[in-house]
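For reference, the chains in residue letters:
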Amino acid sequence: MRPASANIVLVVLDCVRQKNLEGVGLAGGPATPSLDRLAEDGMVFSNAVAPANWTLPSHMSLLSGIYPSEHGVRSVQRRLESTPPLLAQRLSEQGYSTGLFTEQAHLSGDSGLAEGYQLCRTSEPFGAPVRGLAAGLPAPGSAGAGAIEALSRLFVGRRAALAIPGGFVIHRERLRLKERLAGPGLVREACRWIAERSRDRPFHLLLNCVDAHEPYPLSDRRLPPLRPSELLGLLPASLLLQASERSRRAALERLERAYALEIQRADQKLGLVLGALERAKLLDETAVLVTSDHGQQFGESGNVFHSGGVSDAVARVPLIVRLPDGISCRGRTDRWTSLCSIPDWSLALARGESPFGQRDQQPSRWPTLAGQPAVYCEGSPAHEVNSVFAHRFAGAAWNHRLIARYAREGKAVFDLDSGALARWSEGVEYDTAAPDVTFGEEASAQAEGLFPPIMMHAPSLLPPAGGGSRTITPIEEHLAAWGYS
Ligand SMILES: [Zn+2]
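Every chain is numbered independently, its residues counted from 1 as its sequence is written. It should be noted that, the model being predicted, local features are given only for residues of pLDDT at least 70 and side-chain atom pairs only at 80 or more, the latter also being counted only at that level, while totals for whole chains, interfaces and linings use all residues.

Draft legend 1. Expanded view of the overall build of the protein chain. Helix and strand assignments follow DSSP, with helices taken as H or I runs no shorter than four residues and strands as E runs no shorter than two, numbered in order from the N terminus. Each helix and strand counted, the protein chain has 17 helices and 18 strands in total. Within the span of the protein chain, comprising 485 residues, buried residues form 51% of the whole. Across the protein chain, the fraction of contacts at a sequence separation of at least 24, relative to all contacts at a separation of at least 6, is 68%. To assign burial, the other C-beta atoms lying within 10 Å of each residue's own C-beta are counted, with C-beta atoms placed from the backbone; 20 or more indicates buried, 12 or fewer indicates exposed, and intermediate counts indicate partly exposed. Each residue is represented by a C-beta atom placed from its backbone, and any two residues with such atoms within 7 Å are regarded as in contact.

See below:
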């Protein structure tokens, strides 16, 4: 007998950004037949926003339905403590079989993300050194970080000729590791798991594919021969940021071309999952949700890759939902939509209902402004992986503690650290070079109207009105309350 509850397949194509799927990337965007097919049969959310700019807090949000400042898991040292139960826990309670298949180390660690999954399968190998490498750089204090620090000193000392061969060695090792993580084994295992599902019990599968995550194979045979000016792409992002504008541009274009190829590989994996559902004759009773936990940056707002900044390139992600027969709904919406909606949608599907009925609202856990819904992307805390190099840059270059608010009228970004407020009109890419940036008291006054009160009580970050008459709470208390440390 067919269950009333829909099966729920959630596929996270790590690091895939909406920008490339809109054909605005280099070479008109990658070929993504699986995503295209899903889009034809489902609902396309063309303005979906990731709750955070890197993997761990973003996944925690899309499984809990609340923002990182509420669940507090903002570093690899933090574990989920007190939040609503995660999606898999709630579905397990309702009789679902639940399976997690992840190529991404963050989902398999001690963070608590795997809570509720009866089966957890990871790519081989995972271990302590892998976590830092998969996240972008070795963890501070690790042996690998020491090697990168030494490289960095060479580069800062303008001995780039020495830094590049060293960078190449690290790049090659990271690439080998990624190939082991992103190999075809895990997705095949997920497909077998689908094929084994019993029809009298609904199932939920979460698959994370890291194909589009850095590092990228710069010398892929499908790309033109690697030119000397593009060799800087072999360096870690933190070093690449120190190169001259011209060298950096050439390297970033190369990286973006290689990234597009990796998006194609991620799309092929999605095709395998759709094929498995079809072969098992389960596609018509399964909701397939495809998204990404964050995008990727190739120079946007002065950032490379992710974990820094809240440019549209990193905040805007694909979101396509193909519903089961009976409640299927097709079309396209450009309304701003947070990935925090996914648990509510999934629970509606578990009840056999359409997720886009009366629950088709933005999450309202943040106060609204004049009744207008908004969605948020929360920027990185200062201890994110790239902060190994933070001391080498002006604070602004690292864009820590940025809060982006997307709403109908456009985008505003508030910098908790400097008090700067930047606003953009709808459709304009956020960029630190944009002129409409204000600071200090003026920004404070504007931000009061734009951001929820919880974000506006960092008074030591904002100049007190009237030269110091304001009663202030120590910033540490507020930051701790939001999960920063
Ligand atoms: Zn990620």
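Draft legend 2. The arrangement of the sheet that holds strand β1 (residues 7–13) in detail. Between any two strands, pairing holds if DSSP finds at least two bridges. In spatial order, the strands read β5-β4-β6-β1-β7-β11-β2-β12; together these 8 strands make up an open sheet with mixed pairing. Each edge of the sheet is formed by a strand with only one pairing partner; in this case those strands are β5 (119–122) and β12 (331–333). Looking at each pair of strands side by side, their axes are set apart by 10° on average, direction ignored. By the bridge criterion, 6 bridges tie β1 to strand β7 (residues 286–291) in an arrangement that is parallel. When the bridges of β7 are listed, leucine 10 appears paired with leucine 289. Lying over the sheet, helix α12 (residues 245–279) contacts β1, β6 (203–209) and β7, oriented at roughly 170° with respect to β1. To get an axis, fit a line to the C-alpha atoms, keeping to the stretch in contact for a helix; angles then go from 0 to 180 degrees between the N-to-C directions.

Draft legend 3. Highlighting unusual backbone geometry. Backbone torsion omega between glutamate 214 and proline 215 reads 5°, so that peptide bond is classified as cis. Along the polypeptide, proline 215 turns up in the loop between β6 and α11 (237–240). Not every positive phi belongs to a glycine, and lysine 281 is a case in point at roughly 55°. Within the fold, lysine 281 resides in the loop between α12 and β7.

Draft legend 4. Seen up close, the sheet that holds strand β3 (residues 48–49). As summarised here, the arrangement of the 3 strands in space is β10-β3-β13, forming an open sheet in which the pairing is mixed. In the strand order of this sheet, the two ends are held by β10 (316–317) and β13 (337–338), each with one partner. As defined by bridge partners, β3 adjoins β13 across 2 bridges and the pair is classed as parallel. For alanine 48, the partnering residue across the bridge sits in β13 and is threonine 337.

Draft legend 5. Helix α3 (residues 55–64), seen in detail. Where burial is concerned, most of α3 is hidden: 10 out of the 10 residues are buried. Buried within α3 are the following residues: Thr55, Leu56, Pro57, Ser58, His59, Met60, Ser61, Leu62, Leu63 and Ser64. Structurally, α3 contributes buried residues whose contacts are with α4 (68–71), α5 (87–93), α6 (105–108) and α14 (342–350). Downstream of α3 by a residue or two, glycine 65 has a phi angle that is positive, lying close to 85°.

Draft legend 6. Just α14, in detail. For α14, a buried count of 7 out of 9 residues is recorded, marking the element as mostly surrounded by other parts of the structure. Buried residues in α14 make contact with β1, α3, α5 and β7.

Draft legend 7. Structural detail: the environment of arginine 249. As for its placement among the helices and strands, arginine 249 is situated in helix α12. A residue is classified by how many C-beta atoms lie within 10 Å of it, and arginine 249, with 16 of them, is partly exposed. It is 7.7 Å that separates the C-alpha atoms of arginine 249 and glycine 299, two residues lying 50 residues apart in sequence.

Draft legend 8. Representation of the packing of helix α10 (residues 185–195) against α12 in the model. Between α10 and α12, the least distance of the axes is 9 Å, while the angle of their chain directions is 15°. Accordingly, the angle class assigned to the pair α10 and α12 is roughly parallel. Helix-helix and strand crossings are classified by hand; for α10 and α12 the assignment is right-handed. When α10 is examined against α12, the residues Val187, Ala190, Cys191, Ile194 and Ala195 are found in contact with a partner set consisting of Lys269, Leu272, Val273, Ala276, Leu277 and Arg279. Under the convention adopted here, Pro, Cys and the residues Ala, Val, Leu, Ile, Met, Phe, Trp and Tyr are nonpolar, Asp, Glu, Lys and Arg are charged, and Gly plus all remaining residues are polar. When its residues are assigned to classes, the contact of α10 with α12 shows 9 nonpolar, no polar and 2 charged. Roughly parallel means an angle under 35 degrees; roughly antiparallel, over 145; roughly perpendicular, 65 to 115; everything else is oblique. Rotating anticlockwise by less than a right angle from the far helix to the near helix defines a left-handed crossing, while the corresponding clockwise rotation defines a right-handed one.

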